[in-house]
Amino acid sequence: MKAATIKEIKEELKHLSQSELVELCCRMARFRKENKELLSYLLFESHNEDEYIQSVKEHADFQFSEISSANSLYLVKKSLRKILRTINKYIRYTGSKTAGIQMHIYFCRKVKQSRIPIKKSIALTNLYEGQLKKIRKELTGLHEDLQYDYIKELVLLEK
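The notes below deal with the structure included here. Predicted model only: the values in this text are computed from it and were never measured. (Residues numbered from 1 in each chain as written. Predicted model: local features only at pLDDT ≥ 70, side-chain atom pairs only at ≥ 80, totals over all residues. Heavy atoms only, no water.)

Let's talk about the overall build of the protein
- Each helix and strand counted, the protein has eight helices and zero strands in total.
- Walking the protein from its N terminus toward its C terminus, one meets helices and strands in the order α-α-α-α-α-α-α-α.
- Relative to the globule expectation of 15 Å for 159 residues, the C-alpha radius of gyration of the protein, 19 Å, shows a markedly less compact shape.
- Its C-alpha atoms put the protein at 55 × 40 × 30 Å along the principal axes.
- Burial status across the protein gives 32% buried among its 159 residues.
- Accessible surface, the protein: about 11300 Å² in total, of which carbon and sulfur atoms supply 55%.
- One finds the centroid of the 30 positive side-chain charges in the protein at a distance of 9 Å from the centroid of its 21 negative side-chain charges. (Helix = DSSP H or I, 4+ residues; strand = E, 2+ residues; numbered from the N terminus. Rg over C-alpha atoms; globule rule 2.2 N^0.38 Å. Buried < 20%, exposed > 50% of the residue type's maximum accessible area, 1.4 Å probe, protein only. Areas by Shrake-Rupley, 256 points an atom, 1.4 Å probe, with all protein chains shown as cover. Lys, Arg positive; Asp, Glu negative; His and termini not counted. Charge placed at Lys NZ, Arg CZ, Asp CG, Glu CD.)

Considering unusual backbone geometry
- The backbone phi angle of arginine 115 is positive, close to 60 degrees, even though this residue is not glycine.
- Position of arginine 115 relative to the elements: it lies in the loop between helix H6 (97–113) and helix H7 (122–139).
- Taking the relative accessible area as the measure of exposure, arginine 115 reaches 74% and is therefore exposed.

A closer look at the nonpolar core
- Grouped together as the largest cluster of nonpolar side chains are 35 residues, with contacts concentrated most on Leu80, Met103 and Phe107.
- Listed by contribution, the elements that provide at least two residues to this core are helix H4 (49–67), helix H5 (73–94), H6, H7 and helix H8 (144–158).
- Ignoring any residue separated from it by four or fewer positions in sequence, one finds leucine 80 in contact with Phe64, Ile67, Phe107, Val111, Ile116, Leu124 and Leu127. (Core = buried A, V, L, I, M, F, W, Y, C linked by side-chain atoms within 4.5 Å. Contact = heavy atoms within 4.5 Å.)

Considerations on the environment of lysine 2
- Tracing the sequence through the fold places lysine 2 in the segment before helix H1 (6–14).
- You can call lysine 2 exposed: its relative accessible area is 76%.
- Counting along the chain gives 146 residues from lysine 2 to tyrosine 148, while the straight-line C-alpha distance between them is 45 Å.

Things to note about the pattern of salt bridges
- In this structure the tally under the stated criterion is eight salt bridges.
- For glutamate 37, the salt bridge goes to lysine 89, with nearest N and O atoms at 3.1 Å. Of this pair, glutamate 37 sits in helix H3 (residues 33–45) while lysine 89 sits in helix H5, and the two are 52 residues apart along the sequence. Grouping residues by exposure puts glutamate 37 and lysine 89 together as buried. (Salt bridge = Lys/Arg side-chain N within 4 Å of Asp/Glu carboxyl O.)

Quick word on the side chain of glutamine 63
- Turning to its location among the elements, glutamine 63 is positioned in helix H4.
- Excluding residues that lie within four positions of it along the chain, glutamine 63 makes contacts with Lys82, Ile83 and Thr86.

Some points on the packing of H5 against H6
- Close contact between H5 and H6 brings their axes to 9 Å; oriented N to C, the two are set at 165 degrees. As far as their axial angle goes, H6 and H5 are roughly antiparallel. In the crossing of H5 with H6, the sense of the turn from one axis to the other is right-handed. Along its contact with H5, which presents Leu80, Ile83, Leu84, Ile87, Asn88, Ile91 and Thr94, the element H6 presents Ala99, Gly100, Met103, His104, Phe107 and Val111. (Axes fitted to C-alpha atoms, helices over the stretch in contact; angles between N-to-C directions. Parallel < 35°, antiparallel > 145°, perpendicular 65-115°, else oblique. Left-handed = near helix turned anticlockwise from the far one by under 90°.)

Right under this line is the structure:
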């Protein structure tokens, strides 16, 4: 079965009643956890992005606290990748470049603060450098004033 394009879906949704739309959304939310999380964000948290970003940071803090008990670099690497997957998922929900930059900078800052020996592992070094590269790329689309503020933070992370 071939999936319809976004334009085709949008046109078809225009022809449905409100109750039919509610039923479709609820049915879609039942199938995948990501659909339910996205719908929850759109309905309950999208109106206050700062609070949402703070809750994601708190969730990341909790995950970082679990890393400290890990002994091997292998487990640290797996844990950092898991945190990044979670952060990237939440960034996708917002669709905001500034939220993405803030969360990626927060991740890099937490890695530095946790004193994880990222220089001892090529994979960890590449993971950290990849995040810095992603931040630089996201910065290009922002207003110059915002770029300046974030570039100052980025320079601190690159030391």
